[in-house]
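Residues per chain, in single letters:
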Amino acid sequence: MLNFIKSYTRFWLHLLSFTILSSLMIFAYLALPKYYEHTDSILRDYIFQLRGVEKTSGNIVILDIDEKSLKEYGQWPWSRNIIAELLTNATEAGAGIIGLDMVFAEEDTRSPHTIASALHVDASTLPNYDVVLGEAFASLPIIGGFFFTNELIDSDETPTLGAIYIEKGGTSEDFSINFNSIVMNIPLLQDSLYSSGFFNTIPDKDGSIRSVPILMRQKDGFLYPSLVLEMYRTYLDIGKVVVDRFDSGIDGISLGDIYIPTDRFGRLLVNYRGGTKTFEYVSAKDVLTKSGDIGKLKDKFVLLGTSAIGLVDIRPTPFDSAMPGVEVHANALDNLLMNDFITSTYFEESIQLLFILTLIALSVILFSIVSEYLVLPLLFGVLYALYYLFSTMMFEYHIVVNIIIPLISVIITFITTVAIDFILTASQKKVVMQAFSKKVSPAVMEDLIKHNAKGLLEPVEKEVSIFFSDIRSFTTISEKIGSPHKLIKLLNEYMTPMVDIIIDEKGTVDKFIGDAIMAYWNAPVEITNHADHALISAIKQIEKLNEIRSDIVSRYGIELHIGIGINSGEVTVGDMGSDGRSDYTIIGDHVNLASRLEGLTKNYGAQIVISSFAKDKLVQSYKIRSLDFVKVKGKDDAVEIFEVVVDDKISLEEMKRYEEAMLFYRDAKIIEAHEIFKELEQNSASFLYNMYIERCQHYINNPELEFDLTLTMTTK
């Protein structure tokens, strides 16, 4: 009844928690994106870092205006004749399409033509470096760069588009990123370019670049492509670009048969390959001097940019806090070339909500059915499964899903479920203690609460290992001590460590019978190798008594010795007694046999005696020798009994000779057995050896007697 009430209550509480949590998480997901999107992005950064570096397409090289180039050719900006030479040499080295992550918005002030003009000197015969660069632009596969700004620039000029851009679908509402003005190359250079694209990167709130716009709009004007999109389009030789829109913004871009998914703002989530220097770098100095690794440029997409820190083109990314901006563009271009975009589209919102609801439901079920010891490992297991799911979705299926809401859902579900179970367990414990405090011992009551075992107190047949121990000559000890108070103190000092050992070995102390202890294993809780636990407990008690014996002698003037009997077998286990007073205990023939075995330790001069039933259940190895076949009082069948040797007083050689003597004896070869027992007794005086010498002598003196292997006990 108690379990039914608890289960019923748990069901409704967990159902209520599922309803509340689901409502809260759905509300947070739909209505509060600005509060969690930044944290969600940071978690996605960690997934990138855990994934590590990924192989690139191998088709992109960065032509780097690095520190050694600046040292050789002077600080930036360089004269444009140097830029023209750089681009020409790169093309001669076999470079494919070259993209410029820079803009030349003013005339070259270092050009002789410009200097002469400023001095009002005839400059017609002097070289014009802008013209030199323009001629290079016109003759080379160059995609120029420009950037958007919100500064108001008085200019009607716009970049020439290399393709027609058509917008399809959606409403009149515009979600694309737009700016007031465009900063372009000077007309002489801009008009010489085949095409150009913007190189703006827009960081998130924390400054990190996680996405790059590949479409942006001049306010109230046309859509323009990014530098990497234009390089890719030029490579594909596509003349018409279709921008697909839906009611919530841009959906993606179609380049012929190739579709590039974007977010609603026309941004591409960058699937970063790694940190800085993930792509091949070739120094501008090497290209200008036609030395080094310029062969790496052959048939490659080349991005001209800078890694020099002084030029300030450094950007934080999920992999690196200081990545050259040109390498951000390289990552985006590589995504286009390998067609492994990471997408986050709004039509998947319903699927995301269904996932959150399913996750909460599964978490409630799992956390409520597992053991309290497994609930924390299960939490870590679920969190790892979520990481694996998010990672797989990102890098195998290229879909970005919300991370923070499912993560919070699992953690809050875990806390709520544990809190519910804690409250119910505390309440149940109070009820059980009130209901059973007069019926069972505190140990059994605690076990009942802990394991919530239905019908634990009902009598059942169960295999257990039974233990009895008794202090030798306790009556004499009592008379010698005299004082009842002192005697009780002695018993407490002896029994406390003995009971601790039993409990440590997972046993249940059934009762104290004067100076005797009764215990058992494998009830009420299942214990693997219960016979071993019982025997190990007995061995440890003998060893512990040896440790404390001298201290007891010094304080009480008596020497304690104990005998222990152990048996294994099926008994009746359950709550037994009267209606007013009962206890959880065991009864049966095997219990009686265990008690008789303890008594037999005195007959054989042994410390621990076990039955063949217990011996057959042992898994570990011990020093054991057979003692006899005995019919205990009240039993018709003989039982083989064994001694477990604890100390090292009996050598292996002695054990071997003893076994030889027992084989002769049990084969009724009395004379041979008698000789070995006498030899053993001479070398090591023993009550056991004397007993068998007397038995052998009895048969030698009375040869007419029929040999009987079994000893029948007439007393307990």
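The coordinates are above.
Reading guide: rules and limits
Residues numbered from 1 in each chain as written. Predicted model: local features only at pLDDT ≥ 70, side-chain atom pairs only at ≥ 80, totals over all residues. Heavy atoms only, no water. Helix = DSSP H or I, 4+ residues; strand = E, 2+ residues; numbered from the N terminus. Rg over C-alpha atoms; globule rule 2.2 N^0.38 Å. Buried < 20%, exposed > 50% of the residue type's maximum accessible area, 1.4 Å probe, protein only. Contact = heavy atoms within 4.5 Å. Areas by Shrake-Rupley, 256 points an atom, 1.4 Å probe, with all protein chains shown as cover. Lys, Arg positive; Asp, Glu negative; His and termini not counted. Charge placed at Lys NZ, Arg CZ, Asp CG, Glu CD. Salt bridge = Lys/Arg side-chain N within 4 Å of Asp/Glu carboxyl O. Pairing = 2+ DSSP bridges. Expected span 1.5 Å × (residues − 1). Arc of directions from axis to C-beta. Patch = residues over 30% accessible without salt bridge, like charges linked within 9 Å, V, L, I, M, F, W, Y side chains within 5 Å. Axes fitted to C-alpha atoms, helices over the stretch in contact; angles between N-to-C directions. Left-handed = near helix turned anticlockwise from the far one by under 90°. Nonpolar A, V, L, I, M, F, W, Y, C, P; charged D, E, K, R; others polar. Parallel < 35°, antiparallel > 145°, perpendicular 65-115°, else oblique. Polar contact = N/O pair within 3.5 Å; in protein donor to acceptor, adjacent residues only side chain to side chain. Phe/Tyr/Trp six-rings, centres within 6.5 Å; stacked < 30°, edge-to-face > 60°. Lys NZ or Arg CZ within 6 Å of the ring centre and 35° of its normal.

Draft legend 1. Up close: the overall build of the protein chain. When you go through the protein chain residue by residue, the secondary structure sums to 22 helices and 27 strands. A compact globule built from 716 residues would reach a C-alpha radius of gyration of about 27 Å, whereas the protein chain, at 45 Å, exceeds it by more than 25%. Dimensions of the protein chain along its principal axes, counting C-alpha atoms only, are 150 × 60 × 50 Å. The buried share among the 716 residues of the protein chain stands at 50%. For the protein chain, long-range pairs separated by at least 24 residues make up 74% of all intrachain contacts whose partners lie at least 6 apart in sequence. If you sum the accessible surface of the protein chain, you get close to 34900 Å²; carbon and sulfur atoms cover 56% of it. For the protein chain, the separation between the mean place of its 63 positive charges and that of its 95 negative charges on side chains is 8 Å.

Draft legend 2. Representation of the pattern of salt bridges. Evaluated as defined, the whole model comprises 32 salt bridges. The salt bridge involving Glu230 is made with Arg233; its shortest N-O contact spans 2.5 Å. Of this pair, Glu230 and Arg233 both sit in helix H8 (residues 227–236), separated by three residues, roughly a single helical turn. Of the two residues, Glu230 and Arg233, neither departs from the other in class, the shared state being buried.

Draft legend 3. View of the pairing of strand S12 (residues 249–255). The buried fraction of S12 is high, at six of seven residues. In this structure, strand S11 (residues 240–246) lies alongside S12, joined through five bridges in antiparallel fashion. When the bridges of S12 are listed, Asp244 appears paired with Gly252. Between S11 and S12, which pair antiparallel one after the other, the connecting turn spans two residues. Examined bridge by bridge, S12 and strand S13 (residues 258–261) share four bridges and lie antiparallel to one another. The residue bridging Leu255 from the neighbouring strand is Ile258, located in S13. Linkage of S12 to S13, two consecutive antiparallel strands, is achieved through a turn of two residues, within which Gly256 is found at a positive phi near 65°.

Draft legend 4. Region of interest: helix H20 (residues 652–666). The terminal C-alpha atoms of H20, which comprises 15 residues, lie 21 Å apart, in line with the 21 Å expected from a rise of 1.5 Å per residue. The complete set of buried residues in H20 reads Glu654, Met655, Tyr658, Ala661, Met662 and Tyr665. End-on, the buried residues of H20 take up no more than an arc of 120°, which puts them together on one face. Along H20, the residues that are exposed and aim more than 90 degrees away from the buried face are Leu652, Glu653 and Leu663. Where the residues of H20 are buried, they touch strand S25 (624–631), helix H21 (670–683) and helix H22 (687–701).

Draft legend 5. Expanded view of a nonpolar patch on the surface. A cluster of nonpolar residues, Leu13, Leu16, Ile20 and Leu24, forms a patch on the protein surface that exposes about 340 Å² of accessible area. Looking at the secondary structure, you find Leu13 in helix H1 (residues 2–31).

Draft legend 6. Structural detail: the sheet that holds S13. Here four strands make up an open sheet; going across it, the order is S4-S11-S12-S13 and the pairing mixed. Two strands bound the open sheet, and with one partner strand each, they are strand S4 (164–169) and S13. Averaged over all pairs of adjacent strands, the angle between strand axes in this sheet comes to 25°, irrespective of strand direction. Docked against the sheet, H8 engages S4, S11, S12 and S13, running at close to 30° with respect to S12.

Draft legend 7. Local environment of the packing of H8 against helix H10 (residues 325–338). Relative to each other, H8 and H10 sit at 35°, their axes nearing to 9 Å. Here the hand of the crossing between H8 and H10 comes out right-handed. Residues Val228, Leu229, Met231 and Tyr232 of H8 lie in contact with H10, whose contacting residues are His329, Ala332, Leu333, Leu336 and Leu337. Class assignment of the residues belonging to the contact of H8 with H10 gives a composition of eight nonpolar, one polar and no charged.

Draft legend 8. Summary view of the packing of H20 against H21. Interaxial distance between H20 and H21 falls to 7 Å at its minimum, and their mutual angle equals 155°. For the element pair H20 / H21, the angle class is roughly antiparallel. Note that H20 runs across H21; the crossing there is left-handed. Mapping the contact onto sequence places Glu654, Arg657, Tyr658, Glu660, Ala661, Met662, Phe664 and Tyr665 in H20 and Ile670, Glu672, Ala673, Ile676, Phe677, Glu679 and Leu680 in H21. Residues of the contact of H20 with H21, tallied by class, amount to 10 nonpolar, no polar and five charged.

Draft legend 9. Layout of H22. The terminal C-alpha atoms of H22, which comprises 15 residues, lie 21 Å apart, in line with the 21 Å expected from a rise of 1.5 Å per residue. Here H22 has its buried residues at Leu688, Tyr689, Met691, Tyr692, Ile693, Arg695, Cys696 and Tyr699. Looking at the buried positions of H22, the neighbouring elements they touch are helix H18 (589–604), S25, H20, H21 and strand S27 (710–712). Capping of H22 at its N-terminal end is provided by Ser686; its side-chain oxygen lies 3.1 Å from the backbone amide nitrogen of Leu688.

Draft legend 10. Layout of the sheet that holds strand S10 (residues 223–225). Strand order across the open sheet formed by three strands is S5-S9-S10, with mixed pairing between neighbours. Each end of this open sheet is capped by a strand with a single partner; those strands are strand S5 (178–179) and S10. Pairing analysis gives two bridges linking S5 to strand S9 (residues 215–218), with the strands arranged parallel. Along S9, the bridge assignment pairs Asn178 with Arg217.

Draft legend 11. Just the packing of aromatic side chains, in detail. Applying the stated rule across the entire model yields 24 aromatic pairs. Between Phe48 and Tyr272 the ring centres are 6.4 Å apart and the planes differ by 80°, which places this aromatic pair in the edge-to-face class. Residue Phe48 is located in helix H2 (residues 33–51), and its partner Tyr272 is located in the loop between strand S14 (267–269) and strand S15 (280–283); the two are separated by 224 residues in the primary sequence. This pair shows no difference in class: Phe48 is buried, exactly as Tyr272 is. With a centroid separation of 5.1 Å and an interplanar angle of 70°, the aromatic rings of Tyr235 and Phe301 are classed as edge-to-face. Of this pair, Tyr235 sits in helix H8 while Phe301 is found in strand S16 (residues 301–305), placing the two residues 66 residues apart along the sequence. Three or more aromatic residues joined by ring pairs make a cluster, and in this case those are Tyr658, Tyr665, Phe677, Tyr689, Tyr692, Tyr699 and Phe707. For Lys277, the ring lying beneath its charged end belongs to Tyr281, and the centroid distance is 3.8 Å. Its end group placed over the ring of Tyr692, Arg695 keeps NZ or CZ at 4.9 Å from the ring centre.

Draft legend 12. Up close: the side chain of Thr343. Relative to the helices and strands, Thr343 is located in the loop between H10 and helix H11 (349–369). Not counting residues up to four positions away in its chain, the partners in contact with Thr343 are Pro261, Leu269, His398, Ile399 and Val400.

Draft legend 13. Representation of a negative patch on the surface in the model. Together, Asp154, Asp156, Glu157 and Asp191 make up a region of like negative charge exposed at the surface. Among the structural elements, Asp154 can be located in the loop between strand S3 (142–149) and S4.

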